[in-house]
Amino acid sequence: MIIAQWTCEVPAKQREGLRRFVKEQMRDIYRAHGCQRDDLLLPLPSAKKYLPFHRNLKPTLCVEQLSFPDRRTLGRFMKEMENDAVARSATARYMAEFGLHNCVFTLLTADG
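Computed from a predicted structure; not experimentally measured.

J.: Would you take a moment to explain the layout of surface pockets for this structure?
T.: The gaps left among the atoms become clear once a water-sized probe is rolled over them. Its boundaries defined by the atoms lining it, the largest pocket holds a volume of some 450 Å³. In terms of lining residues, the largest pocket is bounded by 22 residues, among which W6, Y30, T91, Y94 and M95 are the most central. When contributions to the lining of the largest pocket are tallied by element, the ones reaching two or more residues are strand 1 (2-9), helix 1 (15-32), strand 3 (61-68), helix 2 (71-83) and helix 3 (85-98). Ranked by the residues each element gives to the lining of the largest pocket, the list is headed by helix 3, at six residues. Looking at the lining of the largest pocket residue by residue, the classes come out as 18 nonpolar, one polar and three charged.

In structure tokens:
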């Protein structure tokens, strides 16, 4: 399994809008191009420290995580997203509306 993560900062007042946009606008586009699962992950503040090195993340941090069965499917997804006018338009709206311009892109693999 390949996991692609986009980590960005989004003001708290825009969180609900972001959640709605991903669910209502992006999810079907992602699935149509081979994404098996998409999650929007938000920090969970905790006063309790579970481990000595436990740290709370910035409250404005958001991680969008997309899962693919393999690297080939991820590559096809990226190419199809670039070539699909509807996907490009939705992605542009997504980035503009929520100010997602300084994101960090990370690839992970889950061997299990």
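Having seen the structure, we can now continue with the description.
J.: Sorry if this is basic, but what is going on with the packing of helix 1 against helix 3 here?
T.: Helix-helix packing is described using two parameters, namely the angle between the two axes and the distance between the axes. Direction vectors running N to C along helix 1 and helix 3 enclose 165°, while the axes themselves pass 10 Å from each other. Comparing the axis directions of helix 1 and helix 3 gives the class roughly antiparallel. Helix 1 and helix 3 meet at a crossing whose hand is left-handed. Mapping the contact onto sequence places G17, L18, F21, V22, Q25, M26, I29 and Y30 in helix 1 and V86, A87, A90, T91, R93, Y94, E97 and F98 in helix 3. Classifying every residue of the contact of helix 1 with helix 3 gives eleven nonpolar, three polar and two charged.

J.: Just to check I follow, could you spell out the packing of aromatic side chains for this structure?
T.: For any pair of aromatic rings, the description consists of the separation of the ring centres together with the inter-plane angle of the planes. Tallying each qualifying case throughout the model produces six aromatic pairs. Through successive ring pairs, a cluster of aromatic residues spans F21, Y94 and F98.

J.: I tried to follow the nonpolar core on my own but got confused; where do I start?
T.: The nonpolar side chains of a soluble globular protein tend to be buried with one another. L18, Y30, F68, F77, Y94 and L100 are the most contacted members of the largest nonpolar core, which totals 22 residues. Broken down by secondary-structure element, the contributors of at least two residues to this core are strand 1, helix 1, strand 3, helix 2 and helix 3. Per-element accounting of this core gives the leading share, six residues, to helix 1. If we skip the residues at most four places from it in the chain, F77 touches Y30, H33, C35, L66 and F68.

J.: Where do I start with the pattern of salt bridges in this structure?
T.: Opposite charge on two side chains makes pairing possible when the charged atoms of those side chains draw close. The final tally for this structure, using the stated rule, is eight salt bridges. The residue D38 makes a salt bridge to R27 at a minimum N-O spacing of 3.1 Å. One end of the pair, D38, is in strand 2 (residues 37-41); the other, R27, is in helix 1, and eleven residues separate them in sequence. Assessed through its relative accessible area of 3%, D38 is described here as buried. On the accessibility criterion, R27 (27% relative accessible area) is partly exposed. Its salt-bridge partner being R37, residue D39 comes within 2.7 Å of it at the nearest N-O pair.

The rules we used
Residues numbered from 1 in each chain as written. Predicted model: local features only at pLDDT ≥ 70, side-chain atom pairs only at ≥ 80, totals over all residues. Heavy atoms only, no water. 1 Å grid on protein atoms, 1.4 Å probe; cavity = no way out; pocket = protein on both sides within 12 Å on 5 of 7 lines; lining within 4 Å. Points joined across faces, edges and corners; volume = space filled by probe spheres on them. Helix = DSSP H or I, 4+ residues; strand = E, 2+ residues; numbered from the N terminus. Nonpolar A, V, L, I, M, F, W, Y, C, P; charged D, E, K, R; others polar. Axes fitted to C-alpha atoms, helices over the stretch in contact; angles between N-to-C directions. Parallel < 35°, antiparallel > 145°, perpendicular 65-115°, else oblique. Left-handed = near helix turned anticlockwise from the far one by under 90°. Contact = heavy atoms within 4.5 Å. Phe/Tyr/Trp six-rings, centres within 6.5 Å; stacked < 30°, edge-to-face > 60°. Core = buried A, V, L, I, M, F, W, Y, C linked by side-chain atoms within 4.5 Å. Buried < 20%, exposed > 50% of the residue type's maximum accessible area, 1.4 Å probe, protein only. Salt bridge = Lys/Arg side-chain N within 4 Å of Asp/Glu carboxyl O.

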